[in-house]
Amino acid sequence: MRIKELLALEGKGQHITVEGWVRTKRDSRDVSFVALNDGSCIDNMQVVLPKSFPLFDDIEPRLSNGASVTVRGRLVKSQGTGQSVEVLPDEITVQGEANPAEYPLQKKRHSFEFLREIAHLRPRTNTFGAVARIRSAMSYAIHSYFNERGFVYVHTPVITGSDCEGAGEMFRVTTFPLDKIPVTKDGVDFSRDFFGKEASLTVSGQLEAEIYALALKNVYTFGPTFRAENSNTSRHLAEFWMVEPEMAFCDISLNMDTAEEFIKYILKYVLTNCRLDMEFFSTMIEKGVVENLEHITESSFERITYTEAVNELKKSGKNFDYPVEWGMDLQSEHEKFITQEIFRKPVIVTDYPRDIKAFYMKQNDDGRTVRAMDVLVPRLGEIIGGSERENDHGRLLSRIREMGLDEKNYWWYLELRKYGSVPHSGFGLGFERLIQFVTGMQNIRDVIPFPRCVGTLDF
Ligand code: ATP
Ligand code: MN
């Protein structure tokens, strides 16, 4: 049994085995209290080791922080406060010692910056154990949400040959020897590379998901995406996980309903199923985060257009680093202001200027905006970017040409608009941003086990 299950039992002196790593050890006059954790929950199992225990002087020093231990003994009602049961050991096996002079996790609280440098040990802390469990629970909830609604999970490729997505931000994939790249007078000769053409890591599975949505109606992807973001922010990673539903026979308004319902589903799931960890975040990481999330699940998201948002921002009289004017992309300072100062709840902003959005977004009849929708949340700003897709062949083609893109690269994407085209929509949710939102963790590097960002690749 894991510690989580043992702690739920009544201590009746039953024989049990408990295995885990020592978190703390506390000595009193007659006994040592050893707290074991096995990662099953945030709470520890207390082992009460009396000085009269056989070979106490040999075993006790080896039960230092970080040591792995198997204890056989009896589960009894705890004498102390702070736990309902504890273990009286009959037999203790130290599986692996952890030299106290060297073991890095000694202090009760280390800085997150320091813990990033020891990513091999940080899951043994309360915070990173809880983040790992929440992340896993949220992944499960994501699959449940879509599975309950008949969405098909589609695996879109990690290596992509379409340079259509986000040009500047892509990582290259090549087997060229870097000191001997074949060039012709026209530049690099990609015909001699592994795939015979340029290849990159995907920045989004959307375009491929659209293919499947136009056959299976409702699909989603959930996998790693890559962006060579050359920015050191607390919200950007070079490798992150994205959830991307894509729905046929679906317009922007149903798309928004889905995004809102989806987020609330995930929040409710963790509030119900990860109670202990959420209480930890709510007291130790972000005061009141549980109440905030509960409130969000009970109220509706605000919905405004980009034009209204710009007017609100101007009206606020606030001095932004980037002054607000119609036509500009909203910066994170604006996004945060809209959601945490103006509305104090999640906000869905729609109908952005077409010139700042991707070529595939459906154009509105006003000729200057597109049916985009971004979901903004307090503390973080954008966590979802989505849109209704342009489903008219002629308008898509002219937009591709207008933006100076090479239509040859989009032949299949255009064909989807020639054969059985239908209004369809979707969005991309940054998984790590949602975890930040749920846990209150400030830095995105602390909600993914092994963060990759510009200038850092330690593990
Ligand atoms: P931002 O303006 O915040 O960089 P974006 O407009 O580039 O976001 P999209 O291309 O719409 O974002 O991607 C969809 C979602 O993926 C975003 O709403 C965000 O949650 C997430 N996301 C985008 N870039 C990153 C990144 N570098 N690291 C982590 N999550 C990201
Ligand atoms: Mn970006």
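Residues numbered from 1 in each chain as written. Chains lettered and ligands numbered in written order. Predicted model: local features only at pLDDT ≥ 70, side-chain atom pairs only at ≥ 80, totals over all residues. Heavy atoms only, no water.

Undergrad: Whenever I open this one, the sheet that holds strand E8 (residues 172-173) confuses me. Can you help?
TA: Sheets are built from strands that pair by backbone hydrogen bonding, the pairs being arranged parallel or antiparallel. The antiparallel open sheet is built from three strands, whose spatial order is E7-E11-E8. Each edge of the open sheet is held by one strand with a lone partner, namely strand E7 (159-160) and E8. (Pairing = 2+ DSSP bridges. Helix = DSSP H or I, 4+ residues; strand = E, 2+ residues; numbered from the N terminus.)

Undergrad: In this structure, what is going on with the packing of helix H4 (residues 126-148) against helix H6 (residues 252-273)? I would like to understand it.
TA: Packed helices, taken two at a time, are described by their axes: the angle between them and the distance between them. Close contact between H4 and H6 brings their axes to 9 Å; oriented N to C, the two are set at 135 degrees. Our classification of the angle between H4 and H6 gives oblique. Every pair of crossing elements has a handedness; the one defined by H4 and H6 is right-handed. The segment H4 lies against H6, with Ala137, Met138, Tyr140, Ala141, Ile142, Ser144, Tyr145, Phe146 and Glu148 engaging Thr258, Glu261, Phe262, Tyr265, Ile266, Tyr269 and Val270. (Axes fitted to C-alpha atoms, helices over the stretch in contact; angles between N-to-C directions. Parallel < 35°, antiparallel > 145°, perpendicular 65-115°, else oblique. Left-handed = near helix turned anticlockwise from the far one by under 90°. Contact = heavy atoms within 4.5 Å.)

Undergrad: Looking at this model, I keep getting lost on the pattern of salt bridges. Mind explaining?
TA: Any two side chains of opposite charge can pair, on the condition that their charged atoms come close. Tallying each qualifying case throughout the model produces 33 salt bridges. The closest approach of N and O atoms between Glu261 and Arg149, which form a salt bridge, is 3.3 Å. Of this pair, Glu261 sits in helix H6 while Arg149 sits in the loop between H4 and strand E6 (152-153), placing them 112 residues apart in sequence. Across the pair Glu210 and Arg417 runs a salt bridge whose closest N-O atoms are separated by 2.7 Å. Residue Glu210 is found in helix H5 (residues 206-216), and its partner Arg417 is found in the loop between helix H12 (411-415) and strand E18 (424-430); the two are separated by 207 residues along the sequence. Take Arg417: its relative accessible area is 5%, and that puts it in the buried class. Members of the salt-bridge network, linked through shared partners, are Asp257, Glu260, Lys264 and Arg303. (Salt bridge = Lys/Arg side-chain N within 4 Å of Asp/Glu carboxyl O. Buried < 20%, exposed > 50% of the residue type's maximum accessible area, 1.4 Å probe, protein only.)

Undergrad: Just to check I follow, could you spell out the site of ligand 1 for this structure?
TA: Around ligand 1 sit 15 residues, and of these His236, Leu237, Glu382, Ile383 and Arg433 come closest. Within the contact set of ligand 1, an oxygen atom lies 2.8 Å away from a backbone nitrogen or oxygen of Ile383. Summarising the interface, the protein chains cover 80% of the accessible area of ligand 1, which totals 590 Å² for the free molecule. For the shell around ligand 1, the elements supplying multiple residues, two or more each, are strand E13 (239-248), strand E17 (381-388) and E18. It is E17 that contributes the most residues to the shell around ligand 1, four residues altogether. (Near = heavy atom within 4 Å. Polar contact = N/O pair within 3.5 Å; in protein donor to acceptor, adjacent residues only side chain to side chain. Areas by Shrake-Rupley, 256 points an atom, 1.4 Å probe, with all protein chains shown as cover.)

Undergrad: How do you make sense of a nonpolar patch on the surface when you look at a structure like this?
TA: On the surface, Val152, Ile211, Tyr212 and Leu216 cluster together into a nonpolar patch covering about 310 Å² of accessible area. If you tally residues by element for the nonpolar patch, the top one is H5, at three residues. Summarising the element assignment, Ile211 is placed in helix H5. (Patch = residues over 30% accessible without salt bridge, like charges linked within 9 Å, V, L, I, M, F, W, Y side chains within 5 Å.)

Undergrad: What is the right way to read unusual backbone geometry from this model?
TA: Excluding glycine, residues mostly carry a negative phi; peptide bonds, for their part, are mostly trans. With phi around 60 degrees, Leu55 is a residue other than glycine that occupies positive phi space. In the Ramachandran plot, Phe249 falls in the positive-phi region, its phi being about 55 degrees despite a non-glycine side chain. Relative to the assigned elements, Phe249 resides in the loop between E13 and H6. Phe249 gets classed as exposed once you look at its relative accessible area, which sits at 58%.

Undergrad: I'm lost on the packing of aromatic side chains in this one. Help?
TA: Two numbers describe a pair of aromatic rings. These are the distance of the centres and the angle of the planes. The final tally for this structure, using the stated rule, is 22 aromatic pairs. Note on Phe280 and Phe281: the rings are 5.6 Å apart at their centroids and 70 degrees apart in plane angle, and the pair reads as edge-to-face. Note on Phe280: relative accessible area 12%, which makes it buried. Between the aromatic rings of Phe359 and Tyr360, the centroid separation amounts to 5.4 Å while the plane-to-plane angle is 75 degrees, which identifies the pairing as edge-to-face. No difference in accessibility class separates Phe359 from Tyr360, as the two residues are buried. In textbook terms, an aromatic cluster arises when at least three aromatic residues are bridged by ring pairs, as seen for Tyr145, Phe146, Phe151, Tyr153, Tyr220, Phe262, Tyr265 and Phe427. (Phe/Tyr/Trp six-rings, centres within 6.5 Å; stacked < 30°, edge-to-face > 60°.)

Undergrad: Looking at this structure, how should I read the nonpolar core?
TA: A general feature of soluble globular proteins is that nonpolar side chains tend to end up buried together. Membership of the largest hydrophobic core comes to 57 residues, with the highest contact counts inside it found for Met138, Phe262, Met278, Phe281 and Ile384. Residue contacts for Phe262: discarding those within four places in its chain leaves Ile142, Tyr145, Phe146, Val243, Phe427 and Leu429. Formed by 27 residues, the second largest nonpolar core is a distinct cluster that contains Leu313, Tyr352, Phe359 and Tyr413. (Core = buried A, V, L, I, M, F, W, Y, C linked by side-chain atoms within 4.5 Å.)

Undergrad: What am I meant to see in empty space enclosed by the protein here?
TA: What the rule picks out here adds up to one cavity of 30 Å³ or more. Considered as a void within the structure, the largest cavity measures approximately 30 Å³ in volume. Val34, Leu36, Val47, Leu63, Val69, Val71 and Ile92 together form the lining of the largest cavity. For the lining of the largest cavity, the secondary structure elements donating two or more residues are strand E2 (31-37) and strand E4 (68-77). Partitioning the lining of the largest cavity into residue classes produces seven nonpolar, no polar and no charged. (1 Å grid on protein atoms, 1.4 Å probe; cavity = no way out; pocket = protein on both sides within 12 Å on 5 of 7 lines; lining within 4 Å. Points joined across faces, edges and corners; volume = space filled by probe spheres on them. Nonpolar A, V, L, I, M, F, W, Y, C, P; charged D, E, K, R; others polar.)

Undergrad: Whenever I open this one, the environment of Asp186 confuses me. Can you help?
TA: Residue placement: Asp186 occurs in the loop between strand E9 (183-184) and strand E10 (187-188). For Asp186, a relative accessible area of 68% puts it in the exposed group.

Undergrad: Where do I start with the pairing of E17 in this structure?
TA: Put simply, side chains in a regular strand alternate between the two faces of the sheet. Across the eight residues of E17, six count as buried, placing the element largely inside the fold. Pairing of strand E16 (residues 369-377) with E17, which is carried by six bridges, proceeds in the antiparallel orientation. Residue pairing across strands places Ala372 opposite Ser387, the latter belonging to E17. A loop of three residues connects E16 with E17, the two strands running antiparallel in sequence, and Arg379 in this loop sits at a positive phi of about 75 degrees. Relative to E18, E17 is paired through five bridges, and the arrangement is antiparallel.

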